[in-house]
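Each chain, written out:
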Amino acid sequence: MTDGPSRPQRGLARIKQLTIRLIYSRHAFWGLGVASFLESILIPIPLEALLIPLMQARRSQIFLLSTIALLGCLVGASVGYFVGYFVFDAIGQQLVEMVSTPEQFEQVRRRMEEDGFWFILSVGVIPVPFQIAMLAAGATSYSFFLFMLASALSRALRYYGLGLLVLITGNRAQAIFERHKVSAAIVITVVVLIIWGWSVLSG
């Protein structure tokens, strides 16, 4: 005898219902921006599960949808940075425990101090919570301009890449994304590391 659907299954079902309502809502753009903001600062929402169906239903507005998702993320990134910058000493431990572990945060902090820009640029496609990178950037007083630039580049690659995927593959985009997202993340990370290594050697 079972207790019904598991929690992850219920969560995915709610996201699917929300997506269907949002696609045909006049508040679709605002809803996407809020979802992107929440994903970047705290809530582990799989934004692709919302963004890809929206793009498929509104293909004439794919560029606009990618831009809204990017802006929502950047607003969230700036909030996370300033939380780390101004109040990390007071509540940082609690924040870290909400999204990661103290050990992982210390690893991220060291990476920020060693090669912050390239680490932030790659963090959008590697399995490290973006929230940790935001807090570490603020806590280490890393350049806000470089933090936002790297965040914009990495997330633009993510969102506009999804838009291109939908334009090319249409309704098969979701299945293709799920099948190849890990290998794509590895390839992009390798490319970032190659560019970083080249910049260090040429500098």
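Rules and cut-offs
Residues numbered from 1 in each chain as written. Predicted model: local features only at pLDDT ≥ 70, side-chain atom pairs only at ≥ 80, totals over all residues. Heavy atoms only, no water. Patch = residues over 30% accessible without salt bridge, like charges linked within 9 Å, V, L, I, M, F, W, Y side chains within 5 Å. Areas by Shrake-Rupley, 256 points an atom, 1.4 Å probe, with all protein chains shown as cover. Salt bridge = Lys/Arg side-chain N within 4 Å of Asp/Glu carboxyl O. Helix = DSSP H or I, 4+ residues; strand = E, 2+ residues; numbered from the N terminus. Buried < 20%, exposed > 50% of the residue type's maximum accessible area, 1.4 Å probe, protein only. Core = buried A, V, L, I, M, F, W, Y, C linked by side-chain atoms within 4.5 Å. Phe/Tyr/Trp six-rings, centres within 6.5 Å; stacked < 30°, edge-to-face > 60°. Lys NZ or Arg CZ within 6 Å of the ring centre and 35° of its normal.

Caption draft 1: Local environment of a nonpolar patch on the surface. Taken together, the side chains of Phe82, Tyr85, Phe86, Val87, Ile91 and Phe144 present a nonpolar region at the surface, about 550 Å² in accessible area. For the nonpolar patch, the element with the most residues is helix α4 (residues 62-99), which contributes five residues. Residue classification places Phe82 among the partly exposed positions, given a relative accessible area of 35%.

Caption draft 2: Fine view of the nonpolar core. Residues Leu32, Leu51, Met112 and Phe147 are the most contacted members of the largest nonpolar core, which totals 44 residues. Secondary-structure elements contributing two or more residues to this core are α2 (28-41), α3 (47-57), α4, α5 (102-123), α6 (130-139) and α7 (144-169). When residues of this core are assigned to their parent elements, the largest contribution, 11 residues, is made by α4.

Caption draft 3: Up close: α3. Among the 11 residues of α3, nine are classified as buried, and the element is accordingly described as predominantly covered. Taken as a whole, α3 has its buried residues at Leu47, Glu48, Leu50, Leu51, Ile52, Pro53, Leu54, Met55 and Gln56.

Caption draft 4: Region of interest: the packing of aromatic side chains. Using the criterion set out here, one finds nine aromatic pairs in the structure. Aromatic rings pair up to connect Tyr81, Phe82, Tyr85, Phe86, Phe144 and Phe147 into one cluster. Its guanidinium or amino end placed over the ring of Phe29, Arg58 lies 5.5 Å from that ring's centre, counting from NZ or CZ.

Purely geometric stuff here, so don't read any function into it on its own.
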